[in-house]
Amino acid sequence: MNDTTRDIRIRPGGPADAPAILDLLDAAVAWMNARGNTEQWGTTPYSQKPGGAARVERYTTENAPYIAELAGAPVGALVLDSGPSPQMPIAPAGEPERYVRLLVSDRRHAGQGIGAALLAHAVEETRRAGVELLRVDCWAGGGGELVAFYERNGFTPTDPFRSGTWPGQVLARRVG
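Here the structure is a predicted model, which is why all the values come from computation and not from measurement.

**Student:** Where do I start with the overall build of the protein chain in this structure?
**Tutor:** The helix and strand tally for the protein chain stands at four helices and eight strands. Seen in sequence order, the protein chain has helices and strands lined up from the N terminus as β-β-α-α-β-β-β-α-β-α-β-β. Whereas a compact globule of 176 residues would reach a radius of gyration of roughly 16 Å, the protein chain reaches 15 Å, a difference of no more than 12%. Referenced to the eigenvectors of the C-alpha coordinate spread, the extents of the protein chain come out at roughly 40 × 40 × 30 Å. Within the protein chain, buried positions represent 46% of all 176 residues. Across the protein chain, the fraction of contacts at a sequence separation of at least 24, relative to all contacts at a separation of at least 6, is 60%.

So, in structure tokens, the structure goes:
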């Protein structure tokens, strides 16, 4: 169950990984804010947002978390589920699917393929489950950089949506 790509090791995660995932999320918020992006995830560290730590705990106990490591240190996380978050205005696919509920990587290692390796792992896990559809939603603001990242990784934009004023995009990838 371990994948290695360019020294990136991907392993199943669990409850003991929640603090590392929170650290990755807090660092991502700080990195985005330093670049002037306060719209995607706001300005409050994820660990201090109401329900943030509890959500990560649920991700590690109720979903399928995976941790990317370099030299034994966590540098990314992916959480797979069987559908979109019920808190988001996104309809289920109408067929079996796997859904990327969280993807975060350590920006200190940007350009090393951590996010791409985690998405490739999600594709393999989806295939292994006998499911043909992998979907993800992401922030569609900021000039669409995040949407473009998913497109470079084999996803196709399907449904735009709004969660309040937050612009989002659902993307899909057939893996069968």
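**Student:** Before we go on, may I ask you to explain the pairing of strand β5 (residues 98-105) in this structure?
**Tutor:** Two faces belong to every sheet, and in a regular strand the side chains alternate between them. Along β5, six of the eight residues are buried, which leaves the element largely enclosed by surrounding structure. Where strand β4 (residues 73-81) and β5 come together, six bridges link them in antiparallel fashion. Counterpart to Asp 81 in the pairing with β5 is Tyr 99. Summarising the sheet, β5 and strand β6 (residues 133-139) pair through three bridges and their orientation is parallel. The residue bridging Arg 98 from the neighbouring strand is Leu 134, located in β6. In the classification by handedness, the crossover that spans β5, the intervening helix α3 (residues 114-128) and the parallel β6 is right-handed.

**Student:** I'm lost on the pattern of salt bridges in this one. Help?
**Tutor:** As a working rule, side chains carrying opposite charge can pair if their charged atoms are close by. Throughout the structure, instances matching the rule amount to ten salt bridges. Put simply, Glu 69 and Arg 9 hold a salt bridge, and the shortest N to O gap is 2.8 Å. Taken together, the positions of Glu 69 in strand β3 (residues 64-70) and Arg 9 in strand β2 (residues 8-12) put the pair 60 residues apart, joining distant regions of the chain. For Glu 95, the salt bridge is made with Arg 174, and the minimal N-O distance between the two is 2.8 Å. Highlighted residues: Glu 95 in the loop between β4 and β5 and Arg 174 in strand β8 (residues 166-174), separated in sequence by 79 residues. Residue classification places Glu 95 among the partly exposed positions, given a relative accessible area of 32%. Overall, Arg 174 belongs to the exposed group, its relative accessible area being 52%. One network of salt bridges, with partners in common, ties together Arg 9, Arg 11, Asp 17 and Glu 69.

**Student:** So what exactly am I meant to see when it comes to the packing of helix α1 (residues 18-34) against helix α2 (residues 52-62) here?
**Tutor:** Helix-helix packing: each pair is described by the crossing angle between the helix axes and the interaxial distance. At their nearest, the axes of α1 and α2 sit 9 Å apart, and the two run at 130 degrees to each other. By the angle between their directions, the pair α1 and α2 is classed as oblique. Like other packed secondary-structure pairs, α1 and α2 cross with a definite hand, here right-handed. Across the interface between the two elements, Ala 18, Ile 21, Leu 22 and Leu 25 of α1 pack against Gly 52, Ala 53, Val 56, Glu 57 and Thr 60 of α2.

Procedures and definitions
Residues numbered from 1 in each chain as written. Predicted model: local features only at pLDDT ≥ 70, side-chain atom pairs only at ≥ 80, totals over all residues. Heavy atoms only, no water. Helix = DSSP H or I, 4+ residues; strand = E, 2+ residues; numbered from the N terminus. Rg over C-alpha atoms; globule rule 2.2 N^0.38 Å. Buried < 20%, exposed > 50% of the residue type's maximum accessible area, 1.4 Å probe, protein only. Contact = heavy atoms within 4.5 Å. Pairing = 2+ DSSP bridges. Right-handed = clockwise from strand over helix to strand, strands pointing away. Salt bridge = Lys/Arg side-chain N within 4 Å of Asp/Glu carboxyl O. Axes fitted to C-alpha atoms, helices over the stretch in contact; angles between N-to-C directions. Parallel < 35°, antiparallel > 145°, perpendicular 65-115°, else oblique. Left-handed = near helix turned anticlockwise from the far one by under 90°.

In short, the description is geometric, and any link to function would need to be established separately.
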